[in-house]
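Here is what each chain is made of, one letter per residue.
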Amino acid sequence: MKKVKEFLKSPTVNITIFVLAVVLLLFSSVGGARAALTYVSEYYSTRVQMYDIGVTLEENGKAVSKRDYNSKSNGSWDEETGELLTNMLGKDEDLKIGKTYQEELTVKNSGTIDQYVRVSIYRYWLDKDGNKMQELSPELIDLNLVNSSDWVVDKDASTSERTVLYYTKLLKAGKSSSPLSDTLAIDNMIATKVSQTTETNANGLKTITTTYDYDGVTFNLEAKVDAVQDHNAEDAIWSAWGRKVAISNNTLRLK
C-alpha cells in the first residue's frame, strides 16, 4: 500500500490532513489468475491441442503480471503477479486529486497460440477498517476507456463496480492489444464533503477544525484477464464464460 498525502493549508482555519491511500493492487487474486487461463473446458482440451496458451497484463508499456502454460515443463504454469499503479507517480511525487495520470492498460498474448481475450476491471472504495464503502461511487475512480471499436463493453455483465470488456480482434501470439484505457484520475468530488467543529479555549479564542468526511479512504483498481484459444472460439467462449458471441473474419461480436 502506498499512501499519498495532500496537505490543505489556511491562515485562519486549522484543517486536518486529508489522506487518500492508494492501494497497489494485484493483477488478480491467486484464484482469479488460475481461473483466467484454465477457461478452456476439458471437452475442448481433448479435441484440440492447446499448445502453450498465455496472457500478460501490460501497464504503460510494461508487463505487470502474466500466466503462461508451458507444455514442455510437465504442463506447469509460469506465473508472475505484480501490482498496478506502481509506476503512475514519479519519485517522491504525491497523488493529487483531480489530476490526470497516464494509465494505459493493454493485454499481450504471451503464448504460442492465437486467442480471444476478456478483461474485467473492478473499481471500489474501502474505509479505514477495510470495509467496502457503498456511499462512494466507483465512478469517482475515473479510468478513461478508449478504442471502443477494439474493446466492447459487455453491458449485461457489467455493474457500477465491474466493467467487462471483450477484445473484438483475434490476438495473435506474441502481439499486444490496443489500449483499453489511457488515463486515471480521482474525481474532485471526493474532497467536497467536509465537517466542521468549533472549540473555544479559556481565553475565548475559537479554533475551527475542518475534517474531510472521507479522510483515510482507499481506492482500489483491479484488472483480471481471461483467454481462450481461437479454435472453435464461439463454443469455447460460451463454455468458459457463458457468453454468446459471433465471430466472423476473426472479429468478435457480442450477441
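Rules behind the numbers
- Residues numbered from 1 in each chain as written.
- Predicted model: local features only at pLDDT ≥ 70, side-chain atom pairs only at ≥ 80, totals over all residues.
- Heavy atoms only, no water.
- Helix = DSSP H or I, 4+ residues; strand = E, 2+ residues; numbered from the N terminus.
- Buried < 20%, exposed > 50% of the residue type's maximum accessible area, 1.4 Å probe, protein only.
- Polar contact = N/O pair within 3.5 Å; in protein donor to acceptor, adjacent residues only side chain to side chain.
- Contact = heavy atoms within 4.5 Å.
- Pairing = 2+ DSSP bridges.
- Salt bridge = Lys/Arg side-chain N within 4 Å of Asp/Glu carboxyl O.
- pLDDT = per-residue confidence, 0-100.

1. Considerations on the side chain of Asp 154
Stage number 1. Within the fold, Asp 154 resides in the loop between β11 (151-153) and β12 (162-167).
Stage number 2. The exposure class assigned to Asp 154 is buried, which follows from its relative accessible area of 2%.
Stage number 3. At 2.9 Å, the side chain of Asp 154 forms a polar contact with the side chain of Arg 243.
Stage number 4. Those residues in contact with Asp 154 that sit more than four places away from it in its chain are Val 164, Tyr 166, Arg 243 and Leu 254.

2. Some thoughts on the pairing of strand β18 (residues 251-254)
Stage number 1. Side-chain alternation along β18 places Leu 252 and Leu 254 on a buried face and Thr 251 and Arg 253 on a face that remains uncovered.
Stage number 2. Sheet analysis places strand β17 (residues 245-248) next to β18, joined by 4 bridges and oriented antiparallel. Residue Ser 248 lies in a different strand from β18, and its bridge partner there is Thr 251.

3. Topic: the pattern of salt bridges
Stage number 1. What the rule picks out here adds up to 6 salt bridges.
Stage number 2. Put simply, Asp 150 and Lys 169 hold a salt bridge, and the shortest N to O gap is 3.4 Å. On the criterion of sequence distance, the pair formed by Asp 150 in the loop between β10 (141-145) and β11 and Lys 169 in the loop between β12 and β13 (181-186) is long-range, its members being 19 residues apart.
Stage number 3. The class of Asp 150 is buried, set by a relative accessible area of 11%.
Stage number 4. Overlapping salt bridges, with partners in common, bring together Asp 154, Asp 156 and Arg 243 in one network.

4. Let's talk about unusual backbone geometry
Keep in mind that most residues, glycine aside, have a negative phi and that most peptide bonds are trans.
Stage number 1. With phi around 50 degrees, Asn 60 is a residue other than glycine that occupies positive phi space.
Stage number 2. Of note, Asn 60 is situated in the loop between β4 (54-59) and β5 (62-70).
Stage number 3. Of note, the phi angle at Asn 249 is positive, near 55 degrees, even though the residue is not glycine.
Stage number 4. The class of Asn 249 is exposed, set by a relative accessible area of 72%.

5. Let's talk about the confidence of the model for the protein
Stage number 1. In this model, the protein carries an average pLDDT of 75, and 73% of its residues clear a pLDDT of 70 or more.
Stage number 2. Mean pLDDT across the secondary structure elements of the protein bottoms out at strand β2 (residues 14-15), with 26, and peaks at β11, with 98.
Stage number 3. Here residues 1-50 is a poorly scored stretch, pLDDT under 50, and it has 126 contacts once near neighbours within four places are set aside; other chains count.

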